[in-house]
Amino acid sequence: MPIMVGSTRQWVMMMMKRFQKEGLVTVTPRHIRIERPHALMEMVSKRAAA
């Protein structure tokens, strides 16, 4: 089941830039490529536990 999250465009862009800087994703005009899926999952797990 998909989960929808409400957020602003500004927040999404800020996080995407952070993820790019950390080498987690690569963003091109047509694609978002997840480079380190395990690292992203770890971030989600830490947030869920908090």
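Located above this text is the structure these notes cover.
These numbers were taken from a predicted model, which means no experiment stands behind them.

Undergrad: Before we move on, can you summarise the overall build of the chain with the specific residues and values?
TA: For the chain, the helix and strand inventory stands at two helices and two strands. N-terminal to C-terminal, the α/β element order of the chain is α-β-β-α. Principal axes of the C-alpha set define a box for the chain whose edges measure 30 × 25 × 20 Å. Every one of the 50 residues in the chain was classed for burial, and the buried ones make up 14%.

Undergrad: Tell me about the pattern of salt bridges, and name the residues and values.
TA: Within the structure shown, the criterion is met by three salt bridges. A salt bridge links R18 to E22, with the nearest nitrogen and oxygen atoms 3.1 Å apart. Residue classification places R18 among the partly exposed positions, given a relative accessible area of 34%. Taking the shortest distance from any N to any O, the salt bridge between R33 and E35 comes out at 3.3 Å. Here R33 falls in the exposed class, since its relative accessible area comes to 54%.

Criteria and thresholds
- Per-chain numbering applies: the sequence of each chain, read as written, is numbered from 1 onward.
- Only residues with pLDDT of at least 70 are given local features in this predicted model, and only at 80 or more are side-chain atom pairs given and counted; all residues enter the totals for whole chains, interfaces and linings.
- Excluded from the side-chain calculations are hydrogens and water; all other atoms, namely the structure's heavy atoms, are used.
- Secondary structure elements are defined from DSSP: runs of H or I of at least 4 residues count as helices, runs of E of at least 2 residues count as strands, and each element is numbered from the N terminus.
- Burial classification: accessible surface area is computed with a 1.4 Å probe over protein chains only, and a residue below 20% of its type maximum counts as buried, one above 50% as exposed, and the rest as partly exposed.
- Here a salt bridge means any side-chain nitrogen of Lys or Arg lying within 4 Å of a carboxyl oxygen belonging to Asp or Glu.

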